[in-house]
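# Survey of secondary and tertiary structure
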Amino acid sequence: MNKHYQAKENEEKIYQLWQEANAFNPDSKINQNLKNDDLPSFSIIMPPPNANDPLHLGHAAFLALEDILIRHARMKGHDTLWLPGADHAGIETQFVFEKKLKKEGKSRFNFDRQTLYQMIWDYVQENSNIALEQMKKLGASADWSRYKFTLDEDITASVLETFLKMDKDQLIYRENRLVNYCPKCGTAFSNLEVDHQEQTSELYYIKYGPFTLATTRPETKFGDTGLAVHPDDKRYQQYVGQEIEVEGLNGNFKLKVIADDFVDPEFGTGVVKITPYHDFNDFAAWQRHKNELPDPIQVVDFEGRLTNAAGKYAGLKIVNARKEIVKDLEERGLLVKIDKNYRNNLAVCYRCNNAIEPLPLPQFYIKVKGMTNEVLKCLDKKEFKVYGAGYDKVLKHWLEKLEDWNISRQIVWGIRLPVWYEAKNNPMIKVTFLDQDEQRITGKLGELLQKHQLGTIKKGLQSLSAPIDAKYLIKVDSPGENYIQETDTFDTWFSSSQWPVLALQNNKEGDFARFYPTTIMETAYDILMFWVMRMLMMGLYSTQQLPFKRVYLHGLIRDGKGQKMSKSKGNVVNPLEAGEKYGIDALRMAIVIRSSAGLDKSINEADFKAMRNLNNKLWNATRFILLQREENSTKTKKKPAKFDKKFTKKLEQIQSAVSRNLDQLQLGLAAETLHNEFWHWFCDQCIEDSKKGLISQEKIFEGLITFLKLFHPFIPFVTESIWQILYQEKLVNDPILMCSPWPRC
RNA sequence: GAGCUUGUAGCUCAGUUGGUUAGAGCGCUUCGUUGACAUCGAAGAGGUCAGAGGUUCGAGUCCUCUCAAGCUCACCA
């Protein structure tokens, strides 16, 4: 044996050994032999990484944690499956791809949707193999033969089926509401995908007839349909119910004053303009006062420009329009003052950081109340458990207040809604398409059909927008040539929320019955409500069973100072580079040791070093034990040494402590216990005692075997490398440590 | 504004259903080790476990309050 453990030399060899033995597949002979039929099956669905994402420490963390659970379960004799996959990550991926297009001087508008989809598909294919290889490098013992992608044909077919079933169950509806729209990304988002940024803005005090009112968005004033005051506000009571004349930039107009207690009399002047199509509060107020107020007016379009309703300001971008309008208001003496130090929170796109526009758009929604109630019942009955610093309470809070889920996205990269409009009967549908000469044409379907064939429009189609009263059919396949399909795609989370069900149903025969519900869902706490909550809802809905029994949430990996890793700070650790330098085992152990569910973990170079030293220590302990064995092989067998009994007892204690920790998902504690006991008890005390003959070599060897097994889930490469040496020396019987039984306690 | 979490050695963090003298890694001091490992060992310094009160035979651990930090959600135009 070498004097030092050479991680790099061994890792590839060992991974290949496992693969050749088919050791990751629960159906393989070696795993069938290991299996104990009295134990239930054990399964983890890997949170599918974004297909185009390169690996970062977050991936390394979930891979390490899940691999530990899986390897432990496998050795214990469970029928064990770790099912890997990849997610198409709709918006994320399309966003990355569009950035790439931009570099080539192109944009999504240069292509019809089929071509664009195909281009993204090819791009993702190129990249997804990289991620796959990287996961293997980290030692993941997932069954790659069962790998699934969210856009695999069978998966998308199942997603559509679910949608149809939900429609039948009347859980789907289409409604024209304000959505969180990002004009830059060109799509709507759910509430969960909107960030808020505190900022200083300008608060404008503007004259509205007899009133002065405060607003941060003067450019939306052309969409005003009323004014509101608080019902108890004495100052304005005489005006409630009155129509007042207002001097405007595009001529005078009339606004009705309503009373509603959403108005805060303390804020500004206590009068607020109602602009239903550009503010969520105003929209809600309009719905409460529908019979008193006229129909809403849209002033901002989906590209972030003012509409014709803005008169001479039509076509201007929001920011420019605001400047112009403020200037004109000032000239007309309608601007009372500007508060330049007004602090407020701006809703921004989580993806591109640009301002989110509340805009009216007909979208498909899922009614969530029934589903959340079912999950809440399960939570109360403790039918599943969330591991991680108080996140069970967070989950409960979310389930209680969740609003209906907008599942329509105006992007191409995803599963297209199986919604069909009859072309001739829906002349008001707005369509954008590329004609034969690649000219981008936008217009109402009714008018376009006079000049263009429907087939041409469908072929070059980019997007369509059907009015709220458009008739539609929900059907997997086209109802006929004269139908045109909705261009919206499903929110990515709609498919990933069904992942445990879909990935097992569309896999090897019998997998669903064998491995569902899964045992543990392990993922990062920051997607608890995006993903975990929705998996619980959707899993319960489509199978009447919760998709998993335990949820283990891990935290963020931070740098040595506890700071978030980010490119701009330059403190990002590339897991593969760290693995190259210190060994994958050291990387994994550094991530896991002393980590706690739900809490962030800091890691620095010193941690990697310390863990590399641990691996080397294990290697050298083995080396010494083997050397000693050789030297003493000629001597006759002595009777048990003085401390043997005590040694056995302590070893059993460690075994049961580590097993208990693993069963209770205290992985950080298990790793720490192993580290301390191995180093400071087994090496520093016992091996030293054995030199003095106080502990027999048989016992020491037994101890080594036990530690190799207990350590294996955490540091699989070094333990297996050592095992292979022992196996060649015929000192152990099982050919592969990974598929050898866990020590019994 | 609401909720959640955290506060333990110089730094980063463990500490299981409450139970001997509160631990680890890194750092620090002194010494040792040329036959497992300098990727090592031994000894040591360093903690009113954020603060106050309470429950208990016993509290780092449970309860209440205070302080500080972080995260999430909501939000007034």
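Below you will find a few notes about this structure.

Conventions used here
- Residues numbered from 1 in each chain as written.
- Chains lettered and ligands numbered in written order.
- Predicted model: local features only at pLDDT ≥ 70, side-chain atom pairs only at ≥ 80, totals over all residues.
- Heavy atoms only, no water.
- Buried < 20%, exposed > 50% of the residue type's maximum accessible area, 1.4 Å probe, protein only.
- Helix = DSSP H or I, 4+ residues; strand = E, 2+ residues; numbered from the N terminus.
- Pairing = 2+ DSSP bridges.
- Core = buried A, V, L, I, M, F, W, Y, C linked by side-chain atoms within 4.5 Å.
- Contact = heavy atoms within 4.5 Å.
- Right-handed = clockwise from strand over helix to strand, strands pointing away.
- Axes fitted to C-alpha atoms, helices over the stretch in contact; angles between N-to-C directions.
- Parallel < 35°, antiparallel > 145°, perpendicular 65-115°, else oblique.
- Nonpolar A, V, L, I, M, F, W, Y, C, P; charged D, E, K, R; others polar.
- Near = heavy atom within 4 Å.
- Polar contact = N/O pair within 3.5 Å; in protein donor to acceptor, adjacent residues only side chain to side chain.
- 1 Å grid on protein atoms, 1.4 Å probe; cavity = no way out; pocket = protein on both sides within 12 Å on 5 of 7 lines; lining within 4 Å.
- Points joined across faces, edges and corners; volume = space filled by probe spheres on them.

## Here we look at the pairing of strand β18 (residues 419-422)
The side-chain alternation of β18 yields two buried faces, one formed by Val-419 and Tyr-421 and the other by Trp-420 and Glu-422. Here two bridges tie β18 to strand β22 (residues 473-474), and the two strands are oriented antiparallel to one another. When the sheet's bridge partners are listed, Val-419 is paired in β22 with Ile-474. As defined by bridge partners, β18 adjoins strand β23 (residues 483-485) across three bridges and the pair is classed as antiparallel.

## Comments concerning the nonpolar core
In this structure, Phe-682 and Phe-714 are the most contacted members of the largest nonpolar core, which totals 93 residues. Look past the residues within four positions of Phe-682 in its chain and what remains in contact with it is Ile-625, Phe-647, Glu-677, Ile-687, Ile-700, Gly-703, Leu-704 and Phe-707. Among the nonpolar cores identified, the runner-up in size contains 87 residues, and Phe-111, Tyr-391, Val-419 and Ile-429 belong to it.

## Concerning the pairing of strand β1 (residues 42-45)
The alternating pattern of β1 places Phe-42 and Ile-44 and Ser-43 and Ile-45 on opposite faces, both of which are buried. Pairing between β1 and strand β2 (residues 80-83): four bridges, direction parallel. Within the sheet, the bridge partner assigned to Phe-42 lies in β2 and is Thr-80. Read from β1 through helix α3 (residues 57-76) to β2, the crossover connection turns out right-handed.

## Remarks on the packing of helix α20 (residues 644-663) against helix α22 (residues 697-711)
Following both chains from N to C, one finds α20 and α22 inclined at 5 degrees, their axes separated by 11 Å at the closest point. Judged on the interaxial angle alone, α22 and α20 are roughly parallel. Residue-level inspection shows Asp-644, Phe-647, Thr-648, Leu-651, Ile-654, Gln-655 and Val-658 of α20 in contact with α22, the latter providing Lys-699, Ile-700, Glu-702, Gly-703, Thr-706, Phe-707 and Leu-710. Residue composition of the contact of α20 with α22, by class: seven nonpolar, four polar and three charged.

## Some details on the protein's contact with RNA strand B
Taken together, the neighbourhood of RNA strand B is formed by 49 residues, with Phe-267, Asn-281, Tyr-342, Asn-345 and Trp-679 sitting nearest. Within the backbone of Phe-267, an N or O atom sits 3.5 Å from a base nitrogen of RNA strand B. Between RNA strand B and the protein, one listed contact pairs a sugar or linking oxygen with a side-chain N or O atom of Gln-666 at 3.5 Å. Elements supplying a minimum of two residues to the surface near RNA strand B: β8 (211-215), β13 (335-349), α10 (391-401), α19 (605-632), α20 and α21 (667-691). Grouping the constituent residues of the surface near RNA strand B by class yields 16 nonpolar, 19 polar and 14 charged.

## Focus: empty space enclosed by the protein
For the coordinates displayed, the defined rule picks out two cavities of 30 Å³ or more. In this structure, the largest cavity occupies an estimated 90 Å³ of space. As for the largest cavity, its lining consists of Ala-61, Leu-65, Tyr-552, His-554, Gly-555, Leu-556, Ile-557, Ile-591, Ser-595, Ser-596, Leu-599 and Lys-601. Secondary-structure elements contributing two or more residues to the lining of the largest cavity are α3 and β26 (548-554). A breakdown of the residues in the lining of the largest cavity according to their chemical character gives seven nonpolar, four polar and one charged. Quantified by volume, the second largest cavity comes out at close to 60 Å³. Lining the second largest cavity are Pro-26, Asn-31, Gln-32, Leu-34, Lys-35, Arg-74, Gly-77, His-78, Asp-79 and Thr-80. With three residues, helix α2 (residues 29-34) is the largest single contributor of residues to the lining of the second largest cavity. A per-class count over the lining of the second largest cavity returns two nonpolar, five polar and three charged.

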